[in-house]
Amino acid sequence: MVGYAFMGAAHSQAWRTVNRVYDLPARVRMAAICGRDAGKVADAADRLGWETYTTDWRELIARDDIDIVDVCTPGDSHAEITLAALAAGKHVLCEKPLANSVAEARAMTAAAATAQAAGIRSMCGFNYRRVPAVTMMQQMVAAGRLGTIRHVRAVYLQDWIVDPQFPLVWRLQKDKAGSGALGDIGAHIIDLTQFVTGQRISGVSAVTETFVKERPLPTGSSGLAATVDGSGPATGQVTVDDAAIFLARLDGGGLATYEASRFATGRKNALRVEINGSLGTLVFDLERLNELEFYDATRPAAEQGFSRILVTEGDHPYMSAWWPPGHIIGYEHSFTHQMRDLVEAVATGADPAPSFADALQVQLVLDAVERSARLGSAWTEVEPALAQVAV
């Protein structure tokens, strides 16, 4: 694994757990972790359960005893590490968003397709697909329980940078993160809604805003936390969006709205998706991630109303390996489910999802949103995934 902060810790917990919970055709050995700071990565290796550590990711790729490379770094290094790993014959799990640009995402998708022909697998880490209630939501839509999809409403709200004195961490710098709230959390709801509905976003009209233009330079950071020494006025420019809102049209004819903000005061990690169809409605709220709300318009009028489905039964997605019915699971379990699906795919020669092609589609939507916002919210078509590239 390359990276050891927030996502590194979440992925490590999942790698440690997956074989203890699921009966898989292969066993995971956590061979090595990589980070730039020797002291910090040594501590992370000990704390998170890795056998060895290094400060050079190229050493991981060169090792014959490593089969999978898990990329948990900031977006500016996703393409370089992933392309090298695939070329070396390693299976790759890459965190979202796939890249910092459409060009990088296209190159990664092409490399994944070439590697796939040689039996090398790749997957992008959109972990919210693996929340059992979200997977069940997708299954119900695919089974026709909602009929024709008319509306999608998706929001993802946080407030961790609402203080203007919060330092200028890498997530606030475009050259490292690619975009701000749009790519960090907006990518999640774009992927989640396209996964659940089976429809892709075809066009958008968007606005973005950066509320705090400059921030203090950090003296240290880890995950979503950072420090400043307070000794001077040194600041740097915020080069990403703080919030993004856009209208969208789905290729199946539905209309959608999306909101991603890291300035929603009081909202810590609030992801909510509602889908309205001709036969019913489904609602998912991450703060109640073991539940779905379902309105079944096919029932007699006197019996209609929103019902609560507790997604903890053994025949619900992923739940057979966990606890007795009614015993809830949490955020970290979505990563364990992600590793389960990847290990099973690699071991059996199947293609895991979401693929790099799926992640490229998300990248194309992010790009369309940014282009629309720059053009004063002009309606902007999402570039097709198979567009010709001039050389």
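Placed above this text is the structure.
These numbers come from a predicted model, not from an experiment.

Let us now look at the sheet that holds strand E5 (residues 122-125). Across the sheet, three strands lie side by side as E3-E4-E5; this open sheet has parallel pairing. Two strands bound the open sheet, and with one partner strand each, they are strand E3 (68-71) and E5. Going from strand to strand, the sheet's axes swing by 15° on average, the running direction of each strand aside. Inspection of the sheet shows strand E4 (residues 91-95) paired to E5 by four bridges, in the parallel sense. Bridge pairing links Cys 94 to Cys 124 in E5. Helix H1 (residues 6-21) contacts E3 and E4 of the sheet and is inclined by roughly 135° relative to E4.

Attention now goes to H1. Look at H1: 23 Å from first C-alpha to last across 16 residues, which is about the 22 Å you get at 1.5 Å a residue. Among the residues of H1, Met 7, Gly 8, Ala 10, His 11, Ser 12, Ala 14, Trp 15, Thr 17, Val 18 and Asn 19 are the ones counted as buried. For H1, the secondary structure elements touched by its buried residues are helix H2 (38-48), E3, E4 and helix H9 (331-348).

Along the chain, the position of Ala 111 falls in helix H5 (residues 102-116). Measuring from C-alpha to C-alpha, the distance between Ala 111 and Ser 307 comes to 45 Å, with 196 residues separating the pair along the chain. Apart from residues lying up to four places away in sequence, Ala 111 is in contact with Leu 83 and Leu 86.

Looking now at the pairing of strand E12 (residues 243-250). The sheet contact formed by strand E7 (residues 201-209) and E12 spans eight bridges and is antiparallel. Looking at the pairing, Ala 206 lines up with Phe 246 of E12. Here seven bridges tie E12 to strand E13 (residues 255-261), and the two strands are oriented antiparallel to one another. If you follow Ile 245 over to E13, its bridge partner there is Glu 259. Joining the antiparallel neighbours E12 and E13 is a turn of four residues, in which Gly 253 adopts a positive phi near 105°.

Within the element layout of this structure, Asp 43 appears in helix H2. Distance in space between the C-alpha atoms of Asp 43 and Asn 276 is 48 Å, their sequence separation being 233 residues.

Here we come to the packing of aromatic side chains. Working definition: an aromatic ring pair is given by the centre-to-centre distance plus the angle between the planes. Under the definition given, this model contains nine aromatic pairs. With a centroid separation of 6.0 Å and 65° between ring planes, the pair formed by Tyr 128 and Tyr 156 is classed as edge-to-face. One end of the pair, Tyr 128, is in the loop between E5 and helix H6 (132-142); the other, Tyr 156, is in strand E6 (residues 149-157), with 28 residues separating them in the sequence. Ring plane angle 10° and centroid distance 4.7 Å describe the contact between Phe 246 and Tyr 258, whose orientation is recorded as stacked. Of the two residues, Phe 246 is situated in strand E12 and Tyr 258 in strand E13; the sequence distance between them amounts to 12 residues. Pair check on accessibility: Phe 246 and Tyr 258 agree, each one buried. Three or more aromatic residues joined by ring pairs make a cluster, and in this case those are Tyr 128, Tyr 156, Tyr 331 and Phe 335. Across from the ring centre of Tyr 22, 5.2 Å away, lies the NZ or CZ of Arg 340, which sits over that ring.

The strands making up a sheet associate through hydrogen bonds between their backbones, and the pairing can be parallel or antiparallel. Strand order in the open sheet formed by nine strands is E17-E16-E15-E14-E6-E13-E12-E7-E18, and the pairing between neighbours is mixed. This sheet does not close on itself; its edge strands, each paired only once, are strand E17 (306-310) and strand E18 (380-381). Looking at chain direction, E6 and strand E14 (residues 270-277) are connected through eight bridges and run antiparallel. Within E14, the residue paired with Ile 149 across the bridge is Gly 277. Here H6 sits on the sheet in contact with E6, E14, strand E15 (280-285), strand E16 (291-296) and E17, set at roughly 165° to E15. Set on the sheet, helix H10 (residues 356-374) makes contact with E7, E12 and E18; between it and E7 the angle comes to about 50°.

The next thing to look at is the pattern of salt bridges. Applying the stated criterion to the full structure yields 27 salt bridges. Across the pair Arg 29 and Glu 51 runs a salt bridge whose closest N-O atoms are separated by 2.9 Å. Taken as a pair, Arg 29 in the loop between H1 and strand E1 (32-34) and Glu 51 in the loop between H2 and strand E2 (52-54) lie far apart in primary sequence, 22 residues in all. Residue Arg 29 is classed as partly exposed on the basis of its relative accessible area, which comes to 47%.

On to the packing of H5 against H10. Close contact between H5 and H10 brings their axes to 9 Å; oriented N to C, the two are set at 170°. What the angle tells us is that H5 and H10 run roughly antiparallel. Mapping the contact onto sequence places Val 102, Ala 105, Arg 106, Met 108, Thr 109 and Ala 112 in H5 and Phe 356, Ala 357, Leu 360, Gln 363, Leu 364 and Asp 367 in H10.

Relative orientation of the contacting elements helix H4 (residues 78-87) and H5 amounts to 15°, with a least axis distance of 10 Å. Regarding the angle of H4 to H5, the classification is roughly parallel. Seen along the crossing, H4 lies across H5 with a hand that is left-handed. Facing His 78, Ala 79, Thr 82, Leu 83 and Leu 86 of H4, the residues of H5 in contact are Glu 104, Ala 107, Met 108, Ala 111, Ala 112 and Ala 115. Along the lines of polarity and charge, the residues of the contact of H4 with H5 split into eight nonpolar, two polar and one charged.

Reading the values: rules and limits
Residues numbered from 1 in each chain as written. Predicted model: local features only at pLDDT ≥ 70, side-chain atom pairs only at ≥ 80, totals over all residues. Heavy atoms only, no water. Pairing = 2+ DSSP bridges. Helix = DSSP H or I, 4+ residues; strand = E, 2+ residues; numbered from the N terminus. Axes fitted to C-alpha atoms, helices over the stretch in contact; angles between N-to-C directions. Contact = heavy atoms within 4.5 Å. Expected span 1.5 Å × (residues − 1). Buried < 20%, exposed > 50% of the residue type's maximum accessible area, 1.4 Å probe, protein only. Phe/Tyr/Trp six-rings, centres within 6.5 Å; stacked < 30°, edge-to-face > 60°. Lys NZ or Arg CZ within 6 Å of the ring centre and 35° of its normal. Salt bridge = Lys/Arg side-chain N within 4 Å of Asp/Glu carboxyl O. Parallel < 35°, antiparallel > 145°, perpendicular 65-115°, else oblique. Left-handed = near helix turned anticlockwise from the far one by under 90°. Nonpolar A, V, L, I, M, F, W, Y, C, P; charged D, E, K, R; others polar.

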